[in-house]
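Here are the chains, one letter per residue:
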Amino acid sequence: AQRVTQPEKLLSVFKGAPVELKCNYSYSGSPELFWYVQYSRQRLQLLLRHISRESIKGFTADLNKGETSFHLKKPFAQEEDSAMYYCALSKGGGNKLTFGTGTQLKVEL
Amino acid sequence: EAQVTQNPRYLITVTGKKLTVTCSQNMNHEYMSWYRQDPGLGLRQIYYSMNVEVTDKGDVPEGYKVSRKEKRNFPLILESPSPNQTSLYFCASSPRNDYEQYFGPGTRLTVT
């Protein structure tokens, strides 16, 4: 069965510091991986997906099949990055998603 | 405005009283899903639908029913709610496989 693990419930960093939100997955096939973000009082929304290989709001994530990881990184944290971040895995398509338990990122001044 | 809407946004009910949470999308999306969000457990998929009259179980379908009679609507039905179904529920839609899911605002359900 597929599983997504986000080991940190809360990550607190200072503004300007690098950020890395960890995500590990277990899945026997070729996974589609996503990062979703939920800002305070807003809807859950897609941040980025691994197949697009793009940087959104300064965030990047690289799929490492050897380590079965999809960590989310940003070199310099901003206050507006404070939010709940969910890593998600899709088995054979974007509709059936398995989410991790989420990491609350808090960026302090 | 393209969006997913859910009603009601907040609901407090008693054990055993049937309820329906509606979900509607105006983006002509084929796929729709229901999730529940619980502290420490993240989001878990309850049911999903690939098109009209096509539905399938997610990871936690017990105690829930869904129907997809029209493309735009995907109601979640709790025939006999129990306190362990107290949760925050999200509906989502997407145009096809491999596309991002668009989430509704959430419905906070309390079953006493």
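Let me sum up the structure you'll find in this document. (Residues numbered from 1 in each chain as written. Chains lettered and ligands numbered in written order. Predicted model: local features only at pLDDT ≥ 70, side-chain atom pairs only at ≥ 80, totals over all residues. Heavy atoms only, no water.)

Description of the overall build of chain A
Now for step 1: A count of helical and extended segments in chain A gives zero helices and 11 strands.
Now for step 2: Along the chain direction, N to C, the helices and strands of chain A fall in the order β-β-β-β-β-β-β-β-β-β-β.
Now for step 3: Expressed as lengths along the three principal axes of its C-alpha atoms, the size of chain A is roughly 40 × 30 × 25 Å.
Now for step 4: The buried share among the 109 residues of chain A stands at 49%.
Now for step 5: Contacts in chain A between residues at least 24 apart in sequence constitute 58% of all its contacts with a sequence separation of at least 6.
Now for step 6: Counting every atom, chain A has about 5,500 Å² of accessible surface; 49% of that belongs to carbon and sulfur.
Now for step 7: Each charge class in chain A can be summarised by its mean position, and for the 15 positive and 10 negative side chains these summaries are 7 Å apart. (Helix = DSSP H or I, 4+ residues; strand = E, 2+ residues; numbered from the N terminus. Buried < 20%, exposed > 50% of the residue type's maximum accessible area, 1.4 Å probe, protein only. Contact = heavy atoms within 4.5 Å. Areas by Shrake-Rupley, 256 points an atom, 1.4 Å probe, with all protein chains shown as cover. Lys, Arg positive; Asp, Glu negative; His and termini not counted. Charge placed at Lys NZ, Arg CZ, Asp CG, Glu CD.)

Regarding the interface of chain A and chain B
Now for step 1: Tallying the contact residues gives 18 residues for chain A and 27 residues for chain B.
Now for step 2: Buried surface at the junction of chain A and chain B, both sides included, amounts to about 1,800 Å², of which 45% is carbon and sulfur.
Now for step 3: One salt bridge connects Glu100(B) with Arg49(A), and the closest N-O pair in it is separated by 4.0 Å.
Now for step 4: Our count for the chain A to chain B interface comes out at four residue pairs in polar contact (both at pLDDT 80 or more).
Now for step 5: If you list the elements that add at least two residues to the side of chain A that touches chain B, you get β5 (32-38), β6 (45-49) and β10 (97-99) of chain A.
Now for step 6: Of the residues contributing to the side of chain A that touches chain B, the split by class is six nonpolar, eight polar and four charged. (Buried area = accessible area lost by both parts, 1.4 Å probe. Salt bridge = Lys/Arg side-chain N within 4 Å of Asp/Glu carboxyl O. Polar contact = N/O pair within 3.5 Å; in protein donor to acceptor, adjacent residues only side chain to side chain. Nonpolar A, V, L, I, M, F, W, Y, C, P; charged D, E, K, R; others polar.)

Considerations on the nonpolar core
Now for step 1: In this structure, Trp35(A), Leu47(A), Leu48(A), Phe70(A), Leu72(A) and Tyr85(A) are the most contacted members of the largest nonpolar core, which totals 24 residues.
Now for step 2: Looking at this core, the elements that each hand over two or more residues are β2 (10-14), β3 (19-21), β5, β6, β9 (83-90) and β11 (103-108) of chain A.
Now for step 3: At four residues, the largest contribution of residues to this core is made by β9(A).
Now for step 4: Residues contacting Leu47(A), with those up to four places away along its chain left out, are Trp35(A), Tyr36(A), Val37(A), Ile56(A), Phe59(A), Leu72(A) and Tyr85(A).
Now for step 5: Within the second largest apolar cluster, 19 residues are counted, among which are Val4(B), Met32(B), Tyr47(B) and Val111(B). (Core = buried A, V, L, I, M, F, W, Y, C linked by side-chain atoms within 4.5 Å.)

Comments concerning the sheet that holds strand β8 (residues 76-78) of chain B
All names here are of chain B.
Now for step 1: Here we have four strands laid out as an open sheet, ordered β1-β3-β8-β7, and antiparallel in their pairing. The open sheet has two edge strands, β1 (4-7) and β7 (65-66), and neither has a second partner.
Now for step 2: Taken together, the three bridges between strand β3 (residues 19-25) and β8 define a ladder with antiparallel strand orientation. Bridge assignment links Leu-19 to a residue of β8, and that residue is Leu-78. (Pairing = 2+ DSSP bridges.)

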